[in-house]
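Residues per chain are reported as follows:
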Amino acid sequence: LFVTYGDYRGDAAVDIARVWDLVTGRALSEEVAEPPCDAIEFAPDGHTLLKCGTLLDATSLRALWTYGPASAAQPDSATPLDILWMHFAADGSAVLALASNDSGDNTYLLRLDIGSGAERERRLLPGLHHAENFAMLPDHSMIVERPDAEGPVIWRDGRSAGFGDFTHRGVRAGEGEEHEG
């Protein structure tokens, strides 16, 4: 059983996490106390979990890797970004991360190596600012959550649009084809 809750250590808010055996009632992992983070997702196979830029072993809560500074194998243009949210690829072969630069003006979709956390791909999402979370759809488009006042958008074919701006065939209404709803 994976248990997490909020607490204070000294004057700082922290999230506490620990794994427990339901049969014996014994702790299977050490207690982990880190800055608050709601971005937690288990891998499709249940053996690892993502938490705010870090891949953890799901039983011991030991960090396997943390996204961070570019390694020597990565180009200089691969300046580390702030991870906003991460999800496992549907087949579990990679980690997809929504990230931004320091100012929050540029949003990127990263494909990270499942074994090391190294960037395998970095794609700028032009015009998409202040993104918060995302969900990949079967057609490889995605729904991106933004602050409430801005509302969610669909990202498809290199551009974003509000809901209803794309037809089922991916053509904008009024651009040479009839709107299909």
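Read on for an overview of the structure.

Reading the values: the criteria
Residues numbered from 1 in each chain as written. Predicted model: local features only at pLDDT ≥ 70, side-chain atom pairs only at ≥ 80, totals over all residues. Heavy atoms only, no water. Helix = DSSP H or I, 4+ residues; strand = E, 2+ residues; numbered from the N terminus. Contact = heavy atoms within 4.5 Å. Pairing = 2+ DSSP bridges. Axes fitted to C-alpha atoms, helices over the stretch in contact; angles between N-to-C directions. Phe/Tyr/Trp six-rings, centres within 6.5 Å; stacked < 30°, edge-to-face > 60°. Lys NZ or Arg CZ within 6 Å of the ring centre and 35° of its normal. Buried < 20%, exposed > 50% of the residue type's maximum accessible area, 1.4 Å probe, protein only. Salt bridge = Lys/Arg side-chain N within 4 Å of Asp/Glu carboxyl O. Core = buried A, V, L, I, M, F, W, Y, C linked by side-chain atoms within 4.5 Å.

Quick look at the overall build of the protein chain now. Counting its secondary structure elements, the protein chain contains 0 helices and 15 strands. In the protein chain, once contacts between residues fewer than 6 apart in sequence are set aside, the share between residues at least 24 apart is 27%.

Now for the sheet that holds strand β13 (residues 142–145). With respect to topology, 4 strands assemble into an open sheet ordered β12-β13-β14-β15, the strand pairing being antiparallel. The sheet terminates laterally at β12 (133–136) and β15 (159–161), the two strands that pair on one side only. Taken pair by pair, the neighbouring strands of this sheet meet at an average axis angle of 25 degrees, ignoring direction. Relative to β15, strand β14 (residues 153–156) is paired through 3 bridges, and the arrangement is antiparallel. Note on β15: the bridge partner recorded for Trp155 is Ser160.

A separate point is the packing of aromatic side chains. Counted by the stated rule, this structure contains 0 aromatic pairs. A cation over a ring is seen here: Arg122 above Tyr108, with NZ or CZ 5.6 Å from the ring centre.

Next up on the list: the pairing of strand β5 (residues 48–51). On β5, burial covers both faces: Thr48 and Leu50 on one face and Leu49 and Lys51 on the other are all buried. Bridge analysis of strand β4 (residues 40–42) against β5 gives 3 bridges, and the strand direction is antiparallel. Across the sheet, the residue bridging to Phe42 is Leu49, located in β5. Sheet analysis places β5 next to strand β6 (residues 54–57), joined by 4 bridges and oriented antiparallel. If you follow Lys51 over to β6, its bridge partner there is Thr54. The turn joining β5 and β6, which pair antiparallel and follow one another in sequence, is formed by 2 residues; a positive phi near 50 degrees is taken by Cys52.

Glancing now at the pattern of salt bridges. Evaluation of the coordinates by the stated rule reveals 4 salt bridges. A salt bridge links Arg111 to Glu121, with the nearest nitrogen and oxygen atoms 4.0 Å apart. Of this pair, Arg111 sits in strand β10 (residues 107–113) while Glu121 sits in strand β11 (residues 119–124); the two residues are 10 residues apart in sequence, bridging distant segments of the chain. Its relative accessible area of 33% is what places Arg111 among the partly exposed residues. Glu121 sits in the partly exposed class, given a relative accessible area of 33%. Each of the salt bridges in this network shares a partner with another, and the network as a whole consists of Arg111, Glu121 and Arg123.

If you look at the biggest cluster of nonpolar residues, it comprises 14 residues, and the most contacted ones within it are Val95, Leu110 and Leu112. The set of elements that each furnish at least two residues to this core consists of β8 (82–88), β9 (94–100) and β10. Listed in part, the 11 residues of the second largest apolar core include Leu125, Met142, Val144 and Val153.

Okay, the pairing of β9 next. Successive side chains on a regular strand alternate, one facing one side of the sheet and the next facing the other. Of all 7 residues that make up β9, 7 are buried, and the element is covered over most of its length. Covered by surrounding structure in β9 are Ala94, Leu96, Leu98 and Ser100 together with Val95, Ala97 and Ala99, the residues of both alternating faces. Taken together, the 6 bridges between β8 and β9 define a ladder with antiparallel strand orientation. Its bridge partner being in β9, Met86 is matched across the sheet by Ala97. Between β8 and β9, which follow one another and run antiparallel, lie 5 residues, and Gly92 among them has a positive phi close to 75 degrees. Note: β9 against β10, 7 bridges, orientation antiparallel. Each bridged residue has a counterpart across the sheet, and for Leu96 the counterpart in β10 is Arg111.

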